[in-house]
Amino acid sequence: MYRIRLHGRGGQGIKTASRILGTALFRSGFEVQDAPRYGAERRGAPIFAYVRADDKVICERGLIHQPNLVVVADETLFDLPAANVLEGLDGRAVLLINSERSAQDWCRQLQLPGQVTVLDGAAVVREAGRVPAGALCVGAAARLLGVVSRRALLQAVAEELAGHDAAAIQTSQQAVSQAYELFAGEAGLVQRLQSGAKKSVTTPPKWVELDCEALPRAAPTITMAATSALVKTGLWRTRRPRIDRALCSRCGLCRTLCPEGGIDLDGEGYPVIDYRYCKGCLLCAAQCPRRAIAVADERTVSPPQPKEGEP
Amino acid sequence: MTRILLTGNAAAAWGARLAAVDYVPAFPITPQTEIIETLAEWIDGGVLDSRLVTLESEHSMLTAAGAAAVTGVRVFSATSSQGLLYGMEMLYNLAGWRAPLVLVNVSRGLSAPITLEPDHNDVLAARDSGFLQLHCATCQEVLDNVLLAYRLAEDARVRLPVLVNLDGFYLSFTREPVAIPEPAAVADFLPPFSDCGLHFRGGQPSSQAVAVLGGGLYSYFRYQVHLAAEQAAAVYAEVAADFERRFGRSYPAVEAYRCKDAELVLVMIGSFATKAKAAIDGLCAAGQRVGLVRPRLLRPFPAAELRRLLGHRKGVAVIDQNLSPGRGGILHTELTAALYGLPQGGPLLVSFVGGLGGRDIAEEEFVQMVEVLRQAVQEGIAPPPRLLFTEEELQQVRRLQDIAHGRSEGKGEGEETS
């Protein structure tokens, strides 16, 4: 069985990526299961998705704890322990990272037993056009599996993007195809495990007896003041809105519509975005009647983490 | 018959589409929303000739659903968790009206604390309403169960609403290969809604009588719901046999997996049962005699079938993905009642509670549950019920409690405020 986990951020097309890979494997004759996993997250929050593929009906369900391939579309996730990107990576597993840094560099940093390989997604995008990171990674991942033909992969892209305009589908196909080509030398790097051949189940679970505990511990009542001031949610952002004061008419619509209450007015009545809380939903940019709000890729804005109070 | 990848939610929508439903009152809730989004898209695109109306709550949604069903149109709706409970009052009403509709529930644990992930306390809260209940373990079963449910609901011997349950995330958002039956074949299996004596025409307006009844009349009508629900067991068997004949997929009221020579049997409902199958395959390969029994039909409760399948086993472990505080696992309670008083004494029953709020059940836990059951059988004594909860999980809770209570007791509080 192939057990593949894909990590990224909301908005990078991770769910679509898992579906493209799932469909490509299904078209290649496999029984398939694919699913995204998310809670109440929004754009920019860490999410992951997974794909299983096997010769026979798949009975396993839910999270993959022992993957044979882990795909990381966003390298900043390594800094977030909660994203749990490296869970279950053993010597047999392959880790694919979308990064401009070299595989050796990552190996040194991560100190993993398994194999690390890198897709320079930014370079592909420069050549093929703007395509979500998830889709690029799928091109590489499909080749690493070695059991998906380019034709099946491109058909899967078309199938999963059906409803988008033809040009967007074509751009995606080109980029996916290019990523697929880049990994020709590593085709089949991911080892397929026999069905059920996970680590053999030898250690019993360490179940515990729960005692009836005293309140307030036993009730999920946790109170704390000023949480909204402490939790700076701007780290979810992948793109940021920028207000052009020359075009702004000071109508205040962006301030009214901002779901985070993250836009205030300065002394002259111009809106000012508080990037510590802006999640990059870009509602303001979409609704601005004067088109006075531009959108910048977060990676092109330095430093990547906004400074305190940065306007 | 085409086989494509579908989520459980999309499979539910396909079921409604193939059943050619007339009316879909709707209200969104995670993880059900994709069902009504899919139907809305089809209706908008003209591939489904139906009417979808978004209501202002699940209570209104179910009221509209029941009212429409008793005017003689085929009604489909879907909800989950808090939404099902918000409409709970109407569930009893719909059953009392004998409204033959299908309601899909996408299981999600109930608040508080809040979760989006599945357990079965939501659908089991509707256990005593008079709705029949079908439980799914795969996306294919979701689609097929919706079709079976309409046949069951609309049968003149039954005429009761039916709940089809699928687990959030593990089915709702998970794509699997699903065979989509030919619409013509479905139309043969499930003819257009015959009004079951229910009809309403705008040109002949009429009201349904509402009266406050005394205990005797109330007893009569409420017990009629019970008798119809019991009668539904035989009707279900007929309908499932007809479905198998036409589509080749077999859906007995109770699924028995590798049970032929099994001495020990696990009993559970829902999609986690396929995880149990994976574990059982491993155990059988190692020479153990272990099987799985999975009730698909939970109302009416297939007590006779469960006695037949379980009465002669040495041990049975019930894995409840639900909890009745102050009592324990609901399925365990029901099974104990069903197996009580067997002439041969019946199997030893052991109770496990696991998978609450979507908490995963690991393969080694299935293995260990079988081991606990084996030892209990050897000793002839059932151990106390066991929550599937590990040391590591408790440590995680402790870490969070320390942070939370450290803060609320004043340590560090306000240090980052400015």
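Asker: Talk me through the overall build of chain A; I want residue IDs and the actual numbers.
Answerer: If you tally the helices and strands in chain A, you get 9 helices and 10 strands. In terms of overall dimensions, chain A has C-alpha extents of about 65 × 60 × 40 Å along its principal axes. Every one of the 311 residues in chain A was classed for burial, and the buried ones make up 46%. Across chain A, the fraction of contacts at a sequence separation of at least 24, relative to all contacts at a separation of at least 6, is 69%. Looking at chain A as shown, the accessible area adds up to about 15,200 Å², and 52% of this sits on carbon and sulfur atoms. Put simply, chain A has 39 plus and 33 minus side-chain charges, and the middle of one group is 2 Å from the middle of the other.

Asker: Residues and numbers for the overall build of chain B, please.
Answerer: Along the backbone of chain B there are 14 helices and 15 strands. Relative to the 2.2 N^0.38 estimate, which gives 22 Å for 418 residues, the radius of gyration of chain B is 23 Å and therefore close to what a compact globule would have. Buried residues in chain B amount to 56% of all 418 residues. Residue pairs in contact within chain B that sit at least 24 positions apart in sequence constitute 82% of those at least 6 positions apart. Within the structure as shown, chain B displays about 17,200 Å² of accessible surface, and the carbon and sulfur contribution to it stands at 54%. In chain B, 36 side chains carry a positive charge and 47 a negative one; their mean positions are 6 Å apart.

Asker: Could you give an account of the environment of P252(B), naming the residues involved and the relevant values?
Answerer: Inspection of the secondary structure assignment puts P252(B) in the loop between α9 (215-247) and β9 (254-257). Separated by 15 residues in sequence, P252(B) and A237(B) place their C-alpha atoms 7.0 Å apart.

Asker: I'd like a rundown of the side chain of R296(B), residues and numbers included.
Answerer: Residue and element names in this part refer to chain B. Within the element layout of this structure, R296 appears in the loop between β11 (290-295) and β12 (297-299). For R296, a relative accessible area of 1% gives the class buried. Sequence-distant contacts of R296, that is, excluding residues within four places in its chain, are made with Q133, L134, H135, E141, N145, L148, Y236, Y251, P252, A253, V254 and E255.

Asker: Mind laying out the pattern of salt bridges, listing which residues take part and the relevant values?
Answerer: Counted under the stated rule, the structure contains 49 salt bridges over all chains. Salt-bridge contacts for D402(B) lead to R217(A); the nearest nitrogen and oxygen are separated by 2.7 Å. Taken as a pair, D402(B) in helix α14 (residues 391-408) and R217(A) in the loop between α6 (166-182) and α7 (227-230) lie in two separate chains rather than in one. For R249(B), the salt bridge goes to D144(B), with nearest N and O atoms at 2.5 Å. Taken together, the residues span a long stretch of sequence, with R249(B) in the loop between α9 and β9 and D144(B) in helix α7 (residues 139-154) at a distance of 105 residues. For the residue pair R249(B) and D144(B), the accessibility class agrees, reading buried in each case. It is possible to trace a salt-bridge network through shared partners that takes in E141(B), E255(B), K277(B), R294(B) and R296(B).

Asker: Help me get a handle on the confidence of the model for chain A, residues and values and all.
Answerer: Overall, the predicted model of chain A reaches an average pLDDT of 89, with 94% of residues at or above 70. Scored below 50 in pLDDT, residues 306-311 of chain A makes 13 contacts in the model with residues more than four places away or belonging to other chains.

Asker: Pulling in residues and values, what's your account of the packing of aromatic side chains?
Answerer: All names here are of chain B. Applying the stated criterion across every chain, the model contains 11 aromatic pairs over all chains. Ring centres of F189 and F243 lie 5.3 Å apart, and the angle between their planes is 80°; on these two criteria the pair is classed as edge-to-face. One end of the pair, F189, is in helix α8 (residues 183-189); the other, F243, is in helix α9, with 54 residues separating them in the sequence. In this pair, the class of F189 matches that of F243, namely buried. By way of ring pairs, the aromatic residues F189, F243, F247 and Y251 are connected into one cluster. It is R17 that lies over the ring of W42; its NZ or CZ is 4.5 Å from the centre.

Asker: Describe empty space enclosed by the protein, listing the residues and the values that go with them.
Answerer: Residues and elements named next belong to chain A. With the rule as written, the count across this model stands at 3 cavities of 30 Å³ or more. The space that makes up the largest cavity amounts to roughly 110 Å³. Lining of the largest cavity is provided by 14 residues; of these, C258, I263, C278, C281 and C284 occupy positions nearest its centre. Of the residues that constitute the lining of the largest cavity, the class distribution is 10 nonpolar, 2 polar and 2 charged. In this structure, the second largest cavity spans a volume of roughly 100 Å³. Considering the residues around the second largest cavity, the lining is formed by 13 residues, among which C248, C251, C254, P271 and C288 are closest to the centre. A breakdown of the residues in the lining of the second largest cavity according to their chemical character gives 10 nonpolar, 2 polar and 1 charged.

Asker: How would you summarise the sheet that holds strand β6 (residues 132-135) of chain B if you had to cite specific residues and measurements?
Answerer: Across a sheet, paired strands are connected by hydrogen bonds in the backbone, their directions being either parallel or antiparallel. All names here are of chain B. Ordered in space as β4-β5-β7-β6-β12, the 5 strands form an open sheet in which the pairing is mixed. Each edge of the open sheet carries a strand with a single partner, namely β4 (76-79) and β12. The sheet shows a mean angle of 25° between the axes of neighbouring strands, taken without regard to direction. Examined bridge by bridge, β6 and β12 share 2 bridges and lie antiparallel to one another. Looking at β12, one finds that Q133 is bridged to R299. On the sheet, helix α3 (residues 58-69) packs against β4 and β5 (102-107) and is oriented at approximately 160° with respect to β4.

Asker: Could you give an account of the interface of chain A and chain B, naming the residues involved and the relevant values?
Answerer: Facing the 43 residues of chain A at the interface are 49 residues of chain B. Counting the surface chain A buries against chain B, the share from its top three residues, R61(A), W207(A) and R217(A), is 24%. Here chain A and chain B share 8 salt bridges between them. At the boundary of chain A and chain B, one finds 21 residue pairs in polar contact (both at pLDDT 80 or more). Where the side of chain A that touches chain B is concerned, the elements lending two or more residues are α1 (14-27) and β2 (31-37) of chain A. A total of 7 residues in the side of chain A that touches chain B trace back to one element, the largest contributor, which is β2(A).

How each quantity is defined
Residues numbered from 1 in each chain as written. Chains lettered and ligands numbered in written order. Predicted model: local features only at pLDDT ≥ 70, side-chain atom pairs only at ≥ 80, totals over all residues. Heavy atoms only, no water. Helix = DSSP H or I, 4+ residues; strand = E, 2+ residues; numbered from the N terminus. Buried < 20%, exposed > 50% of the residue type's maximum accessible area, 1.4 Å probe, protein only. Contact = heavy atoms within 4.5 Å. Areas by Shrake-Rupley, 256 points an atom, 1.4 Å probe, with all protein chains shown as cover. Lys, Arg positive; Asp, Glu negative; His and termini not counted. Charge placed at Lys NZ, Arg CZ, Asp CG, Glu CD. Rg over C-alpha atoms; globule rule 2.2 N^0.38 Å. Salt bridge = Lys/Arg side-chain N within 4 Å of Asp/Glu carboxyl O. pLDDT = per-residue confidence, 0-100. Phe/Tyr/Trp six-rings, centres within 6.5 Å; stacked < 30°, edge-to-face > 60°. Lys NZ or Arg CZ within 6 Å of the ring centre and 35° of its normal. 1 Å grid on protein atoms, 1.4 Å probe; cavity = no way out; pocket = protein on both sides within 12 Å on 5 of 7 lines; lining within 4 Å. Points joined across faces, edges and corners; volume = space filled by probe spheres on them. Nonpolar A, V, L, I, M, F, W, Y, C, P; charged D, E, K, R; others polar. Pairing = 2+ DSSP bridges. Axes fitted to C-alpha atoms, helices over the stretch in contact; angles between N-to-C directions. Buried area = accessible area lost by both parts, 1.4 Å probe. Polar contact = N/O pair within 3.5 Å; in protein donor to acceptor, adjacent residues only side chain to side chain.

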